[in-house]
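Chains, contacts and geometry: an overview
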Amino acid sequence: MPFLPPSGPYPIGSITQTLVDTSRSSHLKTNANGRRLWLKCWYPADSGEDGRPELIWAQLRTDRTVPLAVRTLLKCLRHSTSTYSRARFSPRVRNSRLIVYNHGLISFASENTSLLEELASHGFTAVAVQHMEQLPELRALSTGQSPEAKRAEARRTGALKAAKGAERARLSVEYYMASPNTNRIVIERAADTSFVLDHVSAVVEQIPGRDSGSIDPSSAHLVGFSVGGAVATEAARRDRRVASVTSLDGGMYGTLDRAEIRRPYLMMYSAANDGGNDDLLPSGARRFVHEDTAHLNYHDVSGLVPGLRLLGAIGRTDPRSFLRQRNQVVREFCTAHGA
C-alpha cells in the first residue's frame, strides 16, 4: 500500500539526473573542481500502469555509501510510493509550475516524498536537489571549530530550546549570527538552487512525453525543510525567478540580510520552534503552527517509524495526519501564488 497516497487527479512519474557546476569546487573546503548535484524530479504522468511503483526512498537502497544501519532499516520499510519511474508526462497538463525542494543539513533528495508526490499529483513539476558532497563539506568545516566554540554553541542551543516568545526570537537571531559554518553552507546551497534554475529546462527535457508547452521553467516555488528552508530564503533574496518560499521549520541562516523578501512567504513552525524566526520574517509572511509537533514531524520519517514518538523524537500529534495537513497547506499556498 502506498505511503500517504496523494490527493490529486494525476498519476506520478519520476526521473533522476546529475548536474555539475564546473565553475566551483566540489565543496567549500577543497580544491577539487566540480560541484555535483543529484536531482530527482516528480511530475504529473499519463498513466502509472506500466511497471511497479517505487519503494519509499528507493535511492538509498542501492547506495553503498549509506550507513549499514540505515540500509538495514530500509529493509523493514517496504512501503511503496505512488511514483512510477519514467512514466510519460500527462498530455492533460499545460504550463506545469515548478517546485524546487532543498533538503536538511545532511539528508537526501526524497526525504519528503509524500509532499512532492502531492504536488505532482496536482499538476506541479517538483525537482528535489541533493548536495553530493554535503557530509565531507560539513566535516571539513567542523574540523576548524575550536572546543571552546563548540561549547559556546552548545550553551546557545540550550538557551534557545528553553526560551519562549519574544525571547526565543531574539536568541534565534544571535544563534544564526554565531553559526558561520551553517551560514556558509546555506549561501553555497542557495547558489546551487540558482544553478538548478539555470539548467532546469534541460533537466525537464528528459521527461518522457513532455512537449514544449508542458512545463513553465521561467520561475519556481522554493520549498525547504530545516536548513533547506534557510536555503530557499537565501535564494529568494538573490534570484528574481523565485515565485514563493515555503520554510518547513527552517532557520534563517545565510547572509542574514534583513532586506525585504518581496515574495509570498509561508513559515511552517513546529510547536517546539514556534516564533524563532519572527524577528527576521518578511512582512506579510504567513505563519503556521501545529500543536504537539517537534522538528522531525516535518520529515516523512515521522510517519514511517512509529518508535520515534516513544523516543521523544517527534511530538504527540498523529504523525500521518499531520503530514497530510502539511502537504495540503503547502500545495494550497503554491497554488494560490501561481503566476
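Above this note sits the structure.
Just so it is clear, the model here is predicted, and its values are computed rather than measured. (Residues numbered from 1 in each chain as written. Predicted model: local features only at pLDDT ≥ 70, side-chain atom pairs only at ≥ 80, totals over all residues. Heavy atoms only, no water.)

Moving on, we come to the overall build of the protein chain. Along the protein chain, the regular secondary structure elements total ten helices and nine strands. Relative to the globule expectation of 20 Å for 339 residues, the C-alpha radius of gyration of the protein chain, 19 Å, shows essentially globular dimensions. Overall, the protein chain is about 55 × 45 × 45 Å in size when its C-alpha atoms are taken along their principal axes. Evaluated residue by residue, the protein chain yields a buried proportion of 55% over its 339 residues. (Helix = DSSP H or I, 4+ residues; strand = E, 2+ residues; numbered from the N terminus. Rg over C-alpha atoms; globule rule 2.2 N^0.38 Å. Buried < 20%, exposed > 50% of the residue type's maximum accessible area, 1.4 Å probe, protein only.)

Across the sheet, nine strands lie side by side as β3-β1-β2-β5-β4-β6-β7-β8-β9; this open sheet has mixed pairing. Because the sheet does not close on itself, it has two edges, and the strands there are β3 (83-85) and β9 (286-290). Sheet twist, expressed as the average angle between the axes of neighbouring strands with direction ignored, equals 25°. Relative to β9, strand β8 (residues 265-270) runs parallel, the two sharing five bridges. For Met268, the partnering residue across the bridge sits in β9 and is Phe288. Packing against the sheet, helix α3 (residues 113-121) makes contact with β1 (12-25), β2 (33-44), β3, β4 (96-102), β5 (125-131), β6 (215-225) and β7 (242-248), and its axis sits at approximately 55° to β2. On top of the sheet, helix α7 (residues 180-204) reaches β1, β2, β4, β5 and β6; it is set at about 125° to β1, its chief contact. (Pairing = 2+ DSSP bridges. Axes fitted to C-alpha atoms, helices over the stretch in contact; angles between N-to-C directions. Contact = heavy atoms within 4.5 Å.)

Our next topic: the environment of Thr16. Tracing the sequence through the fold places Thr16 in strand β1. The spatial distance from the C-alpha of Thr16 to the C-alpha of Ala154 is 38 Å, given a sequence separation of 138 residues.

This part is about the packing of helix α5 (residues 147-162) against helix α6 (residues 165-177). Here α5 crosses α6 at 160°, and the two axes come no closer than 9 Å. The angle between the axes of α5 and α6 places the two elements in the roughly antiparallel class. Remark: the crossing between α5 and α6 carries left-handed chirality. Mapping the contact onto sequence places Glu153, Arg156, Thr157, Ala159, Leu160 and Lys161 in α5 and Arg168, Leu171, Ser172 and Tyr175 in α6. Its residues assigned to classes, the contact of α5 with α6 comprises four nonpolar, two polar and four charged. (Parallel < 35°, antiparallel > 145°, perpendicular 65-115°, else oblique. Left-handed = near helix turned anticlockwise from the far one by under 90°. Nonpolar A, V, L, I, M, F, W, Y, C, P; charged D, E, K, R; others polar.)

Right, let's get into unusual backbone geometry. Excluding glycine, residues mostly have negative phi values, and the peptide bonds linking residues are mostly trans. Unlike most non-glycine residues, Trp57 shows phi in positive territory, near 55°. Examined against the element boundaries, Trp57 turns out to sit in the loop between β2 and α1 (58-61). By relative accessible area, Trp57 is classed as buried at 6%. Phi at Asp292 takes a positive value of approximately 60°, unusual for a residue other than glycine. Relative to the helices and strands, Asp292 resides in the loop between β9 and α9 (307-310). Relative accessible area serves as the criterion here: at 31%, Asp292 is assigned to the partly exposed category.

This paragraph deals with the packing of aromatic side chains. Using the criterion set out here, one finds six aromatic pairs in the structure. For the pair Trp57 and Phe108, a centre-to-centre distance of 5.3 Å together with 80° between the ring planes defines the contact as edge-to-face. Remark: Phe108 occurs in the loop between β4 and α3 and Trp57 occurs in the loop between β2 and α1; sequence separation between them is 51 residues. A ring pair is formed by Tyr176 and Tyr253, whose centres lie 4.8 Å apart and whose planes are at 65°; its orientation type is edge-to-face. Highlighted residues: Tyr176 in helix α6 and Tyr253 in the loop between β7 and β8, separated in sequence by 77 residues. Tyr253 shares its class with Tyr176; the two are buried. By way of ring pairs, the aromatic residues Tyr175, Tyr176 and Tyr253 are connected into one cluster. (Phe/Tyr/Trp six-rings, centres within 6.5 Å; stacked < 30°, edge-to-face > 60°.)

For the coordinates displayed, the defined rule picks out 19 salt bridges. Glu167 is the salt-bridge partner of Arg170, the closest N and O atoms lying 2.7 Å from each other. Residue Arg170 and its partner Glu167 are both found in helix α6; the two are separated by three residues, about one turn of the helix. Two residues, Asp300 and Arg326, come together in a salt bridge whose shortest N-O distance is 3.1 Å. In this pair, Asp300 is assigned in the loop between β9 and α9 and Arg326 in helix α10 (residues 319-336), connecting sequence segments 26 residues apart. Beyond isolated ion pairs, a larger network of salt bridges with shared partners links Asp21, Arg24, Arg35, Glu137, Glu188 and Asp192. (Salt bridge = Lys/Arg side-chain N within 4 Å of Asp/Glu carboxyl O.)

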